[in-house]
Amino acid sequence: MGAVKTKRMPRAVREQQMLDAAVRTFGRRGYMAASMDEIAELAGVSKPLVYLYLNSKDDLFTACIRREAAALVAAIRSSVDPELPADRQLWDGLRAFFAHTAEHQDAWSILHLQARTHGERFAHEVAAMREEIVAFVTGLIVAAARAAHRDPDLPEREVAGLAVALVGAAESLADWANATQGVTAREAATTLMNFTWSGLSNLMAGNRTWSAPE
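Parameters at a glance
- Residues numbered from 1 in each chain as written.
- Predicted model: local features only at pLDDT ≥ 70, side-chain atom pairs only at ≥ 80, totals over all residues.
- Heavy atoms only, no water.
- Core = buried A, V, L, I, M, F, W, Y, C linked by side-chain atoms within 4.5 Å.
- Buried < 20%, exposed > 50% of the residue type's maximum accessible area, 1.4 Å probe, protein only.
- Helix = DSSP H or I, 4+ residues; strand = E, 2+ residues; numbered from the N terminus.
- Contact = heavy atoms within 4.5 Å.
- Expected span 1.5 Å × (residues − 1).
- pLDDT = per-residue confidence, 0-100.
- Salt bridge = Lys/Arg side-chain N within 4 Å of Asp/Glu carboxyl O.
- 1 Å grid on protein atoms, 1.4 Å probe; cavity = no way out; pocket = protein on both sides within 12 Å on 5 of 7 lines; lining within 4 Å.
- Points joined across faces, edges and corners; volume = space filled by probe spheres on them.
- Nonpolar A, V, L, I, M, F, W, Y, C, P; charged D, E, K, R; others polar.

Observations concerning the nonpolar core
Counting residues in hydrophobic clusters, the biggest one holds 59 residues, and the most contacted among them are F26, L60, L94 and F98. Sorting elements by how many residues they give to this core places helix α7 (residues 120-149) first, with eleven residues. Discounting chain neighbours no more than four positions away, the residues touching F26 are Y31, A34, I39, K57, L60, F61, C64, I110 and Q114.

Right under this line is the structure:
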């Protein structure tokens, strides 16, 4: 009897299958402990085929970072309707962020925990994603602040620090929410809104509740 032939699969589909397996393996075992043999077995392909498609373990990890970073940014952007009030836009964006990180915990482990600590190349990829999210949040806040102050020239730097702080808080809260049983994306988003919106709403109204001493 002749050898059984397996059904050919389009390269793009096969590559995504490999990336799915790699994200799961890297996310659960860590970059250093994950092996190409394990990834290939989980993907249902040979290890030489993984190398043929994705060159090396470093390139495979980089491809995982890029794909998952793009997916997270897209989830946030697609959830926000620019026609809605600023607080609703922020709420929708936060809910999307926490929902995505909860549903893709292996990917979040790669983006937030591993890529930052396994070399400058990987850290740079994640930094680019973070800068895009910070820029998106900054634009959201500054547009609302300019409208509230009726000042189209209000400097972006007035709110840039708030955006950086908010994104950092969201990242830490996502880690906590994913590690704490029973915490939903809605609850995590509500926590961060309660923590940040009073200060942001004061900014929108032109009020400052606290000033640094001289």
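Some details on helix α5 (residues 86-103)
In a regular helix each residue adds 1.5 Å, so 18 residues correspond to 26 Å; α5 covers 26 Å between its end C-alpha atoms and thus fits that length. Every buried residue belonging to α5 is among A86, Q89, L90, W91, D92, G93, L94, A96, F97, F98, H100 and T101, and all of these are buried.

Points about the confidence of the model for the protein
Caution applies to low-pLDDT parts of the model: their predicted coordinates are not meant to be read in detail. Per-residue confidence for the protein gives a mean pLDDT of 85, with 87% of residues at or over 70. Highest mean pLDDT in the protein belongs to helix α4 (residues 57-79) (94); lowest belongs to helix α9 (residues 185-204) (81). Within the model, pLDDT remains below 50 along residues 1-6, and this stretch shows zero contacts once partners closer than five positions in the same chain are excluded.

Details of the side chain of E68
Within the element layout of this structure, E68 appears in helix α4. Contact partners of E68, with chain neighbours within four places excluded, come to V23, A107 and L111.

Thoughts on the pattern of salt bridges
Following the criterion strictly, the structure yields eleven salt bridges and no others. Here R29 ties to E38 by a salt bridge, and the two come within 2.9 Å at their closest N and O atoms. Accessibility expressed as a relative area gives 29% for E38, which makes it partly exposed. When salt bridges with common partners are traced through the structure, they connect D20, R67 and E68 into a single cluster.

A few points about empty space enclosed by the protein
As enumerated under the stated definition, the model contains two cavities of 30 Å³ or more in all. If you add up the space inside the largest cavity, you get close to 170 Å³. Lining the largest cavity are 16 residues, and of these I76, G93, L94, I133 and V137 sit closest to its centre. Looking at the lining of the largest cavity, the elements that each hand over two or more residues are α5, α7 and α8 (157-179). Residues that form the lining of the largest cavity fall into these classes: 13 nonpolar, two polar and one charged. Looking at the second largest cavity, its volume works out to about 30 Å³. Every residue along the wall of the second largest cavity is listed here: E68, L72, H100, T101, H104, A107, W108 and L111.

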